[in-house]
Amino acid sequence: MHWSVQIAQKIIAAKPDKEEYVCAAGISPSGSVHIGNFRDVATSYFVVRALRSLGKKAKLLFSWDEFDRMRKVPANVAAVPGNEDMEQFIGCPYIDVRNPFPDSPYENYAKHFEAEFAASIKEFGIDMDYRYQAEMYRTGKYVKYILLALEKRGEIFDILDSHRTQDAKPGEREAYYPVSIYCPECHRDSTTIDSLSADCHVAEYHCACGHHGTFDFTKDFNCKLSWKVDWPMRWLYEGVDFEPGGRDHSSPNGSYDTSKDIAKAIFGCDAPIFQGYDFIGLKGATSKMSGSTGLNLTPATLLKLYQPEIILWLYSKFEPLKAFDFCFDNGILRQYSEFDKMLEAVQNGTADEYTRDVMSNTVIEGRTVIPVSMSNLVQFGSVVNFNPDMLEVVFEKIGTPYKYAEFADRFERAKYWLEMCSPESVNRLRKLRNWEVYEGLDEQMKQEITILFDYLNTQQYDLDELNVKLYAIPKEVFGQDLDEKTLKERQGDFFKTVYRLLIDKERGPRLYLFLYAIEKESYLHLLDFSTPKTEAEEQPEEEIQEETKARVYGVPDPVAPVEPEINIDRFREIDLRVCQILKAQEIRKSNNCLKLTLDDGIDKRVIVSSIKHDYTCEELVGKKIIVVANLASTRITGINSEGMLLAATNNACGCQVIFVDDIVPVGTRIK
């Protein structure tokens, strides 16, 4: 039985006659919502699904704790030019902090990060009933509960004191108030209540900024209950039946234990069933995934690597108190493979109950997962430079005739993983024969390569026949009477040699698939050492590389006169913004243009640019550029181009694209 079903059964047993069950989650919009916080949502979401599977009505309630005080300025916010003064907002509610991103359309800090998270949640097909706590407090929804907490502040203090190890100081109980007032002058919660009226309605207070005032809790709503009082108050108000929380909340005398007692003694309600959860790990991150690049570990970031179903699968597969890793190394390929096996078991009817329950939580309405091997996409995709048409041919040859529409959902993720997380895993065929490796072989090993070349060049074979031949070649050369251990060593050395001759590595895609799937014309010459070295092969490797990159420029162009003057309003009509190149592709029948797929901070867009002679596709991917985003689209080489990049063109330097430092977030306007 799945863990979410077990929790659902406990909820029903506690309140068997309830019409609709409420499973809660909540996050403070203190910055980009980390993927670890997403476990709060996923845990409640799976319990909601379990309740519904048991025939019950249930909803997922999500609270934005935007009325919490700002505690610190996140590094990625501080790094944005113009945000040097953000620390002035520490102590203010997030809803009152200005939006730190000049080009963001949202009215404040909280709304920006809420919208960022909500957009990624849509990818998972999760429907939530949102609560915005600033609105709840400031419209007076909680007034009677605040007054009750003030009346029973002594009892609340005693409960809090019973859950801590240090003894209370003299006078601490008398000075305790379970509510913070936000100052109307400095807008911070740096206030102290000096006195409270006998009916607990009116307080006299002062603020660290020097302001003194009177606060009527029946009319003034710019205040907030402390966390361990606020939490149980909301359990009562919303009728919460289940809520998860981090492992720290579930520790003895932690937040849940304390709030549970306050719920019973002060608000007269039972605490909801609680489930603690462990932290999420990260495995194999590279420097390209650092915070300085703007790639925070948010659901949106992970969706560039993982299909949403696989993210849900990981949260579903592991019980909440078990930690697991999101992988940026080869582990992600194993995770895709395991997911595919479980999916296929469900589809062919061989899955056990637990597997069926796990996989049921990954179903997203309107989406279908096609289990195209992620390993094959990565390995073969890099060899054919992620050309979709050529990949279709590869899949056809190896007996899995997937079309682009079937592997498109994983295609971009495979490419993104290679480029951003594992560039060392990229497989590229050499352009010239590797004489250095070949000349280091003994005569028998050279004979192996000759046999392989002749076989590939002259024989007709299917996939199985090629596989048998590859293992047979070392036997032909070294004799049929080799013992098993020696034979395996010879076969291993042979495979390594072939890989080194083809892709400069000692391992790569399964060799028989590789040689069968890729067009022979693209690699056969790399195995043919029957002719002398060419002039290019005579040069040292580093000289060949230098020569490839070398470009000849002329004298500078004459300096052009300045164009007619325009006013600032005319200039502001031009929307220049930072975009990141996600993909660069050559265009058939075009000698000059490349097709660039960009992330403009809002969506993807395609532009066509005549920079083919100045840049390779590989050196462009991942770079940030400046684009005229509101230029009318036009057809170029048969492709709809949605904008134009900025570049400097001069006879003295050729075409030089204007690149932007990685620290600048995608979507930033140039002003």
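Scroll up to find the structure this text is about.
Quick caveat, the model's predicted, so the values are computed rather than measured.

Novice: Before we move on, can you summarise the overall build of the chain with the specific residues and values?
Specialist: When helices and strands are counted, the chain shows 25 helices and 22 strands. Structurally, the chain occupies a C-alpha span of about 105 × 75 × 45 Å along its principal axes. Each of the 671 residues in the chain was classed as buried or not, and the buried ones make up 48%. A fraction of 69% describes how many contacts in the chain between residues 6 or more apart in sequence connect residues 24 or more apart. On the chain, roughly 33,100 Å² of surface is accessible, and the fraction owed to carbon and sulfur atoms is 50%.

Novice: Give a description of the pairing of strand S16 (residues 624-628) that names residues and reports values.
Specialist: Counting buried residues along S16, 5 of its 5 residues qualify, which places the element largely inside the surrounding structure. Covered by surrounding structure in S16 are Lys624, Ile626 and Val628 together with Ile625 and Val627, the residues of both alternating faces. With 5 bridges connecting them, strand S13 (residues 576-586) and S16 associate as antiparallel partners. Looking across to S16, one finds that Arg577 is bridged to Val627. As defined by bridge partners, S16 adjoins strand S22 (residues 659-660) across 2 bridges and the pair is classed as antiparallel. Its bridge partner lying in S22, Lys624 is registered against Val660.

Novice: Would you mind going over the sheet that holds strand S5 (residues 191-196) in detail, with residue names and values included?
Specialist: Taken together, 3 strands build an open sheet; the order of strands is S5-S6-S7 and the sheet is antiparallel. The two strands at the open ends of the sheet, each matched to only one other strand, are S5 and strand S7 (212-216). Between one strand axis and the next, the sheet turns through 30° on average, direction left out of account.

Reading the values: rules and limits
- Residues numbered from 1 in each chain as written.
- Predicted model: local features only at pLDDT ≥ 70, side-chain atom pairs only at ≥ 80, totals over all residues.
- Heavy atoms only, no water.
- Helix = DSSP H or I, 4+ residues; strand = E, 2+ residues; numbered from the N terminus.
- Buried < 20%, exposed > 50% of the residue type's maximum accessible area, 1.4 Å probe, protein only.
- Contact = heavy atoms within 4.5 Å.
- Areas by Shrake-Rupley, 256 points an atom, 1.4 Å probe, with all protein chains shown as cover.
- Pairing = 2+ DSSP bridges.
- Axes fitted to C-alpha atoms, helices over the stretch in contact; angles between N-to-C directions.

Such coordinate-based values are descriptive only and should not be taken to indicate function.
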